[in-house]
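# Examining the three-dimensional arrangement
Single-letter residue listing:
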Amino acid sequence: MIIIASTNGAIGIPQAWEILEQGGTALDAVEAATRIVEDNPDDHTVGYGGYPNLVGDVELDASIMDGTTLQAGAVGALRGYRYAITVARRVMEELPHVMLAGEGAARFAAEMGMQSEHLLTEQAAQVWRAGIDGQQPTISASQTALLDELRRHTANLTSDPERVSGTVNFIAQDRTGHIASAVSTSGWAWKYPGRVGDSPVIGAGNYADDRYGAAACTGWGELAIRAGTTRCVVLYLKLGYTLEEACHAAFADLIAPHEDPGTAIMSMVALDRHGNHCAVSTSSGRTYVYQAAGMTNLEELPRLVITPGQK
Ligand code: GLY
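Cut-offs used in this document
- Residues numbered from 1 in each chain as written.
- Predicted model: local features only at pLDDT ≥ 70, side-chain atom pairs only at ≥ 80, totals over all residues.
- Heavy atoms only, no water.
- Core = buried A, V, L, I, M, F, W, Y, C linked by side-chain atoms within 4.5 Å.
- Buried < 20%, exposed > 50% of the residue type's maximum accessible area, 1.4 Å probe, protein only.
- Helix = DSSP H or I, 4+ residues; strand = E, 2+ residues; numbered from the N terminus.
- Contact = heavy atoms within 4.5 Å.
- Disulfide = S-S within 2.5 Å.
- Near = heavy atom within 4 Å.
- Polar contact = N/O pair within 3.5 Å; in protein donor to acceptor, adjacent residues only side chain to side chain.
- Areas by Shrake-Rupley, 256 points an atom, 1.4 Å probe, with all protein chains shown as cover.
- Nonpolar A, V, L, I, M, F, W, Y, C, P; charged D, E, K, R; others polar.
- Pairing = 2+ DSSP bridges.
- Arc of directions from axis to C-beta.
- Axes fitted to C-alpha atoms, helices over the stretch in contact; angles between N-to-C directions.
- Salt bridge = Lys/Arg side-chain N within 4 Å of Asp/Glu carboxyl O.

## Overview of the nonpolar core
It is characteristic of soluble globular proteins that their nonpolar side chains tend to be buried jointly. By size, the foremost hydrophobic cluster in this structure holds 49 residues, and its most contacted members are Ile3, Ile64, Val75, Leu78 and Phe170. Among the elements that line this core, the one with the most residues is helix α2 (residues 26–39), at 7 residues. Val75 has contacts with Leu60, Asp61, Ala62, Ala84, Val87, Ala88, Val91, Met99, Leu100, Ala105 and Pro200, leaving out every residue within four places of it along the chain. Ala215, Ala227, Ala270 and Ile306 belong to the second largest nonpolar core, which has 26 residues in total.

Below you can see the structure in the form of structure tokens.
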């Protein structure tokens, strides 16, 4: 029995641990833990209080995967519902689909009886209004102005890990050995409206399979989408790699040979079916948290630093 998470998930671990200790499922544990982070207005990268997109709307991405059935549910660019992870789980359980996006996702959340609300807190709105590096956003309705604004901010965003590497990851293995994984995010601060990152893309930002293990990403989602990063980790486990080798191999594919590894920001937590855990990052000084059988509290550990693109 074990749960691992990105460090901002620490606040969700006590409740998830209680669920696991009482014989609950890994799926219930990761959903409950994620909802606690989605509730936290001080985490500006997930759920309520998340930083908005370029035009000031909070758009959430989330996914959940059941490693036993390989069923998954996801939402992209969801507006107005803080518990994106629960909407994702309902997609998995109620629909013959894996992902809903935008208006369809919000419509489905309403049909499931969830309450819509305004997700942009005054604190997050103030930061958005102030812009990045003190540059005041000059958003207008014109397409050209939006694109110019996005280009102006992109260089700052990609060099600022805090703005690009939020998101919360949880992976749990319950008493019966079943594995589930959950990812939730408000995505890149000041992203283009409608942008969907890796978090709801199964195989990119989230993947779980009881037979091998699971992985979940935070960071520059476009890279994980291109490379299918979490599916790679699980495939490498299937091929007999150790967990650490699997993470290294997946990060080797994050960028093309001509790309500068210094611009790639990516972090990942991973678990194999034996309960071994590992977390990696392209940035130094980053940590993750875990709690396993026999521990009364979670522990915070450093992540291995990997230069992307290196074998
Ligand atoms: N990894 C989160 C995102 O790119 O939206």
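## Some words on the state of the cysteines
Enumeration according to the criterion identifies 0 disulfides in this entry. As a non-bridged cysteine, Cys247 has Cys278 as the owner of its nearest cysteine sulfur, 4.1 Å distant. Owing to a relative accessible area of 0%, Cys247 belongs among the buried residues under this scheme.

## Concerning the site of the ligand
Around the ligand sit Thr167, Gly187, Trp188, Arg195, Gly197, Asp198, Ser199, Gly219 and Gly221, and that is every residue in its neighbourhood. Within the contact set of the ligand, an oxygen atom lies 2.6 Å away from a side-chain nitrogen or oxygen of Arg195. At 2.7 Å from a nitrogen atom of the ligand is found a side-chain nitrogen or oxygen belonging to Asp198. Protein contacts shield 99% of the accessible area of the ligand, which totals 200 Å² for the unbound molecule. Looking at the shell around the ligand residue by residue, the classes come out as 1 nonpolar, 6 polar and 2 charged.

## Digging into the pairing of strand β1 (residues 2–6)
Taken across its 5 residues, β1 has 5 buried, putting it largely inside the fold. Alignment of β1 against strand β5 (residues 168–173), held across 4 bridges, turns out to be antiparallel. Each residue of the ladder has a partner; that of Ile4, found in β5, is Ile171. In this structure, β1 lies alongside strand β11 (residues 287–292), joined through 5 bridges in antiparallel fashion. Note on β11: the bridge partner recorded for Ile2 is Ala292.

## Considering helix α4 (residues 102–111)
When we look at burial in α4, the residues that qualify are Ala105, Ala106, Phe108 and Ala109. In a view along the axis of α4, the buried residues occupy a sector of 160°, so they form one face of it. Turned more than 90 degrees from where α4 packs its buried face, Glu103, Arg107 and Glu111 sit exposed. In this structure, the buried side of α4 is in contact with β3 (72–78), α3 (84–94) and β4 (99–101). Following α4 by one or two positions, Gly113 adopts a phi angle in the positive range, close to 85°.

## Some remarks on the sheet that holds strand β13 (residues 304–305)
Strands sit in the order β7-β8-β9-β10-β13 across an open sheet of 5 strands; the sheet is mixed. The strands lining the two open edges of the sheet, one partner per strand, are β7 (206–209) and β13. Here 2 bridges tie strand β10 (residues 277–281) to β13, and the two strands are oriented parallel to one another. When the bridges of β13 are listed, Ser281 appears paired with Val305. Helix-sheet contacts for helix α9 (residues 229–238) involve β7, β8 (213–219) and β9 (266–272), and the interaxial angle to β8 is about 150°. Helix α10 (residues 243–252) contacts β9, β10 and β13 of the sheet and is inclined by roughly 150° relative to β9.

## Observations regarding the pattern of salt bridges
In total, this model carries 13 salt bridges according to the counting rule given. The partner of Glu31 in a salt bridge is Arg89, and the shortest N-O contact between them spans 2.8 Å. Placement of Glu31 in helix α2 and of Arg89 in helix α3 is noted, with a sequence separation of 58 residues between them. Classification of Arg89 as buried rests on a relative accessible area of 12%. Among the salt bridges present, the one from Glu259 reaches Arg226, with a minimum N-O distance of 2.8 Å. Note that Glu259 is positioned in the loop between α10 and β9 and Arg226 in helix α8 (residues 221–227), a separation of 33 residues in sequence. Classification of Glu259 by relative accessible area gives partly exposed; the value is 26%. Ionic contacts of the salt-bridge type, sharing partners, join the residues Asp28, Glu31, Arg89 and Glu93 into one network.

## So, the sheet that holds β4
Here we have 8 strands laid out as an open sheet, ordered β4-β3-β2-β6-β5-β1-β11-β12, and mixed in their pairing. On the outer flanks of this sheet lie β4 and β12 (299–302), each paired with one strand and no other. Taken over all neighbouring pairs, the strand axes of this sheet differ in orientation by 15° on average, direction set aside. Both β11 and β12 contribute to a ladder of 4 bridges, which runs antiparallel. When the bridges of β12 are listed, Tyr290 appears paired with Glu299.

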